[in-house]
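# Remarks on the overall topology
Chain residues, written in single-letter form:
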Protein chains: 2
Amino acid sequence: MYTYKYPHPAVTTDCVVFGFDGSNLNLLLIERGIEPFKGKWALPGGFMNMDETAEQGAMRELQEETSIKDIYIEQFHTFTSVKRDPRERVLTIAFLAFIRQEKYEVIAGDDAAKAQWFPIDQLPELAFDHKDIITMALDKLKWKITYEPIAFRLLNKTFTMTQVQTIYEVVLGQTFDRRNFHKKMTALGYIIPTEMQSRGSGRPGTLFTFDEDKYKEQIENKKVF
Amino acid sequence: MYTYKYPHPAVTTDCVVFGFDGSNLNLLLIERGIEPFKGKWALPGGFMNMDETAEQGAMRELQEETSIKDIYIEQFHTFTSVKRDPRERVLTIAFLAFIRQEKYEVIAGDDAAKAQWFPIDQLPELAFDHKDIITMALDKLKWKITYEPIAFRLLNKTFTMTQVQTIYEVVLGQTFDRRNFHKKMTALGYIIPTEMQSRGSGRPGTLFTFDEDKYKEQIENKKVF
DNA sequence: ATCTTTTGCGTAACATTTACACAAACAATA
DNA sequence: TATTGTTTGTGTAAATGTTACGCAAAAGAT
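Quick summary incoming for the structure in this document. All chains use their own residue numbering, which begins from 1 and follows the written sequence. Chains carry letters from A onward and ligands carry numbers from 1 onward, assigned in written order. Per-residue local features of the predicted model are confined to residues with pLDDT of at least 70, and side-chain atom pairs are confined, for both listing and counting, to 80 or more; whole-chain, interface and lining totals are unaffected and use all residues. Based on all heavy atoms of the structure, the side-chain values leave hydrogens and waters out of the count.

### Concerning the relation of the copies chain A and chain B
- The copies were overlaid with a least-squares fit restricted to C-alpha atoms from residues scoring a pLDDT of at least 70 in each copy. Expressed as a screw transformation, the operator carrying chain A onto chain B has a rotation angle of 180° and an axial translation of 0.0 Å, and the superposed copies differ by an RMSD of 0.1 Å. The operation mapping one copy onto its partner corresponds to a two-fold rotation axis. Across chain A, the smallest distance between a C-alpha and the rotation axis is recorded for Thr3(A), namely 2.0 Å.
- In what follows, a contact means two residues having at least one pair of non-hydrogen atoms within 4.5 Å. Here 100% of the contact residues of chain A are again contact residues in chain B; the copies associate through an equivalent surface.

Next up, the structure:
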C-alpha cells in the first residue's frame, strides 16, 4: 500500500500506432483481457512505473502487449477528463507512432487477449475515451504529414513514388496529379532515386529512398517565413 | 491520508504565459514563496485537484498566483523525468498562453511571493526543470506563429502593421521587408483595416484588426497540400 | 505484334514571392 | 511658411513555384 498526504491520480500511457500495408492506413489495437472493458478493443498501453519516464512506460507496455519494440514514439497529448476511467482518477499520456507494418510481427501477450491491425475507417467499439484519442491522433497525423516527412516511416527503406502518393491521398483524403506529385517530391531534394526498379504490371518504376541527413540539413538552413 | 494499491505520481500543471509590450517578448514568472526552490523564480502552476481537468487546474493556479484569469491556454507537453522534483515523483502538464500584456494586471498571491514579467532573453535562474519547459514552449511558439495567427493574441484589438511585424521578427529572430510583409498580411484576407489611424512620428498608419471568423472560414475551405 | 498499364519527363499558363522604387502624410525644425 | 526627417501605402519587374495537361517509354497481358 502507498499513502500520500494529498490525493494522486493514476497515470497511464497509450500508443496510437499507425501502419500502412500498401493501400490502407491501419491502426494497432489490443483486445482487453481484464476489466474494465474486458473484451473491448483498446489502444496498447498501461500504468506507468515510478522509475520510468512516460516514453519508457509507453514503449514497455507496447512491447508487453503487442511485442513491438525499438520504434520511435512521440508524445502528442495528455487526456485528463475527470471520469475517463470507472476505477479511479486516471490520466493518460498519449503517444503517436508510424511504423513499417510488415517489418513488425504483432503477437498478443500479457494483459491483451489479442493484438491486431484495423483499417482506420473500420475500427471496432473502443474502451475508455480511446475514440477521442484516436481522433486527435488522426488530426495530428494530417498536420504532420503536410509539414514533416513522416510518410517514409510507414514505408520500406526503398519505395515507389506511387506508394508515397497513396499514403498522402489516404491520410489527407484527396487525390493528387501523379506527375506533379512526382516532381514535387523529387524537387524536395531528400527523396533519392536508387538503381533498383520496381516490378509490377506496367513500366517498372524507380525505387526511391528517404535521405534523413539531407532532410535535417535542409531544415537547419531553411527560412521559416 | 490517501492510500493506493500501486504507487501514484503527483501531477502539477505549469503555464508558460507570453506577453508583448510593443518591443519585447516577455514571460510571466513567479517567485516561489515555499520550498523547494524557495526564492527562485518559476512558472506559475501547482498541483492538480482530483475534481478538475488539467486545463482547469492550470487556470486556477494561474489565477491564484498571478491574478490573471479568463485567458485561452493550450496544452503542449507533459514532462515526466523521474527526478524533476526533489520531494517525490511529479509529472507536470505544461500549457502555453499568449496575452495582451497591458490588458492584465499582474498581482502576486498565495504561494507566490512576487509575480513579474521578464524579457525572454533576460530570464533569471529557474526552479525545477522550468528552463527546459520554456525552451520547448519557445520552439512551439516559433512553429505556431509560422502556421497560425497567434500574433494577434499578443496585440490589442487594433494594431499597426509595424507592431505585427515586430512580433514576427522578435519571435523568429529574422527581419522582413516592411513592404512585402504589409502586402503578405493584408493578402491573407483576415487582417482588416479599420477607419482609425495611428499617431506617431511619421505618416499615420492604418489600424488593423484580426477577423477570427474570416480566418476560421478560410481554414475550413483550404486545401491542405 | 498489339493492347493495356504504369512511369518519367516536358511545357505553357498561372500564381506567388522577392527586391526594390516612389510618393503621401505627418512632426519637428529652421 | 518652407524644409527636413520619419513612417506608411502602393506599384512593378524579375525570379520562382504551382497547376493542368500532353506524350512517349517500358514493361506484362493477349
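After that view of the structure, there is still more to cover.
### Things to note about the nonpolar core
- Nonpolar cores were defined as sets of buried Ala, Val, Leu, Ile, Met, Phe, Trp, Tyr and Cys residues, with membership established by side-chain atoms within 4.5 Å. Exposure classes here rest on a 1.4 Å probe applied to the protein chains alone. A residue is buried below 20% of its type maximum, exposed above 50%, and partly exposed in between. Counting residues in hydrophobic clusters, the biggest one holds 40 residues, and the most contacted among them are Val16(B), Phe18(B), Phe76(B), Ile145(B), Val164(B), Ile167(B) and Tyr168(B).
- Of the residues forming this core, the biggest block, six residues, is contributed by helix H3 (residues 161-172) of chain B.
- The two domains that each donate at least three residues to this core are domain 1 (10-145) and domain 2 (150-218) of chain B.
- Look past the residues within four positions of Ile145(B) in its chain and what remains in contact with it is Ile150(B), Ala151(B), Ile167(B), Tyr168(B), Val171(B) and Leu172(B).
- Leu25(A), Ile133(A), Leu154(A) and Phe181(A) belong to the second-largest nonpolar core, a separate cluster that totals 39 residues. What counts as a helix is a DSSP run of H or I of at least four residues, what counts as a strand is a run of E of at least two, and both are numbered from the N terminus. Source of the domain bounds: an automatic or database domain assignment.

### A closer look at the pairing of strand E3 (residues 25-32) of chain A
All names here are of chain A.
- The element E3 is largely enclosed, with a buried count of eight among its eight residues.
- Burial along E3 is two-sided: the residues Leu25, Leu27, Leu29 and Glu31 and Asn26, Leu28, Ile30 and Arg32 are all buried.
- In this analysis, strands are considered paired if DSSP registers two or more bridges between them. For strand E2 (residues 10-20) and E3, the ladder comprises three bridges, and the chain directions are antiparallel. Bridging from a neighbouring strand, Phe18 pairs with Leu27 of E3.
- Hairpin connection, E2 to E3: the antiparallel pair is bridged by four residues, and Gly22 has positive phi, about 110°.
- Sheet analysis places E3 next to strand E4 (residues 41-42), joined by two bridges and oriented antiparallel. Each bridged residue has a counterpart across the sheet, and for Ile30 the counterpart in E4 is Ala42.

### Some remarks on the protein's contact with DNA strand D
- Here a residue is near a molecule or strand as soon as one of its heavy atoms is found within 4 Å of it. In the vicinity of DNA strand D lie 21 residues, with Arg179(A), Asn180(A), Thr162(B), Lys183(B) and Thr206(B) positioned nearest.
- For DNA strand D, the backbone makes up 46% of the atoms found within 4 Å of the protein, where backbone means sugar plus phosphate.
- Only helix H4 (178-187) of chain A together with helix H4 (178-187) and strand E11 (205-210) of chain B provide two or more residues apiece to the surface near DNA strand D.

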